[in-house]
There are 2 protein chains.
Amino acid sequence: MQKTVQKRTLKTRARLIEAAEDVIERNGYQALRVEDVVQAAGVAKGTFFAHFRDKDALMEMLIGERLVACFDQVEQGSAPHTAPEIADALQPIHAFMTSERYVFDLIIRYSGATAITEIGPIARCFERYVHLVAGWLETAKVRKDISPDLLAEGVQAFAIQSMSLKFCALHEAESFSDRLEIYLDAWLTPAA
Amino acid sequence: MQKTVQKRTLKTRARLIEAAEDVIERNGYQALRVEDVVQAAGVAKGTFFAHFRDKDALMEMLIGERLVACFDQVEQGSAPHTAPEIADALQPIHAFMTSERYVFDLIIRYSGATAITEIGPIARCFERYVHLVAGWLETAKVRKDISPDLLAEGVQAFAIQSMSLKFCALHEAESFSDRLEIYLDAWLTPAA
DNA sequence: CTCCAAAAATGACCGTGGTCAATTTATAAG
DNA sequence: CTTATAAATTGACCACGGTCATTTTTGGAG
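Residues numbered from 1 in each chain as written. Chains lettered and ligands numbered in written order. Predicted model: local features only at pLDDT ≥ 70, side-chain atom pairs only at ≥ 80, totals over all residues. Heavy atoms only, no water.

Caption draft 1: The arrangement of the interface of chain B and chain A in detail. Counting from both sides, the interface comprises 33 residues of chain B and, opposite them, 33 residues of chain A. Seen at the junction of chain B and chain A, the total is 12 residue pairs in polar contact (both at pLDDT 80 or more). Each residue belonging to the side of chain B that touches chain A can be placed in one class, and the counts come to 21 nonpolar, 5 polar and 7 charged. (Contact = heavy atoms within 4.5 Å. Polar contact = N/O pair within 3.5 Å; in protein donor to acceptor, adjacent residues only side chain to side chain. Nonpolar A, V, L, I, M, F, W, Y, C, P; charged D, E, K, R; others polar.)

The structure is reproduced here in structure tokens:
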């Protein structure tokens, strides 16, 4: 039983990814067609699916990479201590997640791994989100009656709610960041 | 400029809907194929798309109807007063929403109307959810420092979070209802 | 009844994601 | 260098949602 991976494989895969990134650069994630990618990469269609389970798998990888970069950026900054500061600190992540409706939908769809064996970059980012925020909350001026982890899960829930409403015509009145701040203030620092 | 609607139209539409419901009855929402529906209804494929903008439009209608029925049922019951009672009262709605992954995804996708002119039954149900819960909260034993509407939006956010995690292999430990109760208790009756 | 314009239905056709048996290419062993 | 075998690639093909020019049906006017 051989399991050698030929150099060719890595080259082809790299060409496919680069081609996909070019296509996305020009027209956004939503407009990507597998045909365009394989033509730009100079390979046959079947080759694409030998490298990626399906189109979504490529998208999960590419969007996941960008998302990871957003997290890296956010983790560079210093820890925020109040609800508005937290909302502000998370802004780069939320901005990318809502940059395209397609991107938001895909991220939500892949936010939970269906099986342990297929935990992808996006599902990992959702765990990282909770850990990151929970870390901040340990030393932040917030309620202490429940665990930082639970508080952080709530922050995530409110962020998703706020992002959903951003795409909703019924709730155009408030801006995304205003809404999130209101939620987080009520969740993290309740008055009664 | 005539705009008469022939009787035929209503009949064909009814046949399509009945056929779709039969197909769903047998194999669930996810497995529905337009080909199967038109064949069962005894019409051509083009006819389907003369009656429904696309497959999703039919799905939104059918799932929306079932969702409305769930709300009607929940509204029959008496108003709950505590966090666990609220979670319990909403159970029929949450149960249907998570009955199939496909159903949950479609509901989330249609929960926000993209344009005012196309507010569908599902988007309307999301508004109804907030109004329903806000009504309960007015007389419930919960924090009073923020408005019932905002509190209700939070309940919705936590419910969606809990439902998402139900489909996630990383969070199988806790059951859906346990998780929702923990969230709602922390959100509605904070200790500090 | 006949006639005709609008409404409805039709089905061949298209776009795009995805499959798979057949072919080509890389590499290790002799 | 050959040869055997597994890995990689190919492209014709399929499934399914969706379109649209053409045909059929309806129902009111004369």
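Caption draft 2: Fine view of the domain arrangement of chain A. All names here are of chain A. The domains assigned to chain A are domain 1 (1-52) and domain 2 (55-188). Domain 1 and domain 2 are separated by 29 Å when their C-alpha centres are compared. If you look at the interface, domain 1 gives 14 residues, while domain 2 gives 13 residues. Interface area for domain 1 against domain 2, summed over the two sides, is near 1,100 Å², with a carbon-plus-sulfur share of 73%. Ranking the residues of domain 1 by area buried against domain 2 places Y29, Q30 and F52 at the top, with a combined share of 52%. On inspection of domain 1 and its partner domain 2, the count reaches 3 residue pairs in polar contact (both at pLDDT 80 or more). Elements with a contribution of two residues or more to the side of domain 1 that touches domain 2: α1 (7-27) and α3 (45-51). Per-element tally for the side of domain 1 that touches domain 2: the top contributor is α1, with 5 residues. Taken together, the residues of the side of domain 1 that touches domain 2 sort by class into 9 nonpolar, 2 polar and 3 charged. (Domains from an automatic or database assignment. Buried area = accessible area lost by both parts, 1.4 Å probe. Helix = DSSP H or I, 4+ residues; strand = E, 2+ residues; numbered from the N terminus.)

Caption draft 3: Structural detail: the pattern of salt bridges. All chains considered together, the criterion is met by 14 salt bridges over all chains. The partner of R53 of chain B in a salt bridge is D54 of chain B, with the nearest N and O atoms 3.5 Å apart. Take D54 of chain B: its relative accessible area is 28%, and that puts it in the partly exposed class. Here D72 of chain B makes a salt bridge to R128 of chain B, at a shortest N to O gap of 2.7 Å. Here D72 of chain B, found in helix α4 (residues 55-76), pairs with R128 of chain B, found in helix α8 (residues 121-138); they are 56 residues apart in sequence, far enough to count as distant. Each of D72, E75 and R128 of chain A takes part in a single network of salt bridges with overlapping partners. (Salt bridge = Lys/Arg side-chain N within 4 Å of Asp/Glu carboxyl O. Buried < 20%, exposed > 50% of the residue type's maximum accessible area, 1.4 Å probe, protein only.)

Caption draft 4: Structural context of the layout of surface pockets. The space that makes up the largest pocket amounts to roughly 680 Å³. Forming the walls of the largest pocket are 38 residues, and the residues nearest its centre are A157, I160 and Q161 of chain A together with A157 and I160 of chain B. Of the voids in this model, the second largest pocket is the one considered here, and its volume is about 580 Å³. Looking at the second largest pocket, it is lined by 22 residues, and the ones nearest its centre are D56, R109 and Y110 of chain A together with R101 and D105 of chain B. Looking at the lining of the second largest pocket element by element, the count peaks at 6 residues for helix α7 (residues 101-109) of chain B. (1 Å grid on protein atoms, 1.4 Å probe; cavity = no way out; pocket = protein on both sides within 12 Å on 5 of 7 lines; lining within 4 Å. Points joined across faces, edges and corners; volume = space filled by probe spheres on them.)

Caption draft 5: Representation of the relation of the copies chain B and chain A. Mapping chain B onto chain A calls for a rotation angle of 180 degrees and an axial translation of 0.0 Å; the resulting RMSD is 0.1 Å. The two molecules are tied by a two-fold rotation axis, judged by turn and shift. Proximity to the rotation axis, assessed at the C-alpha, singles out A157 of chain B in chain B; its C-alpha lies 2.8 Å from the axis. Taken together, the interface assignments show that 100% of the residues at the interface of chain B recur at the interface of chain A, consistent with an identical surface on both copies. (Least-squares fit on C-alpha atoms with pLDDT ≥ 70 in both.)

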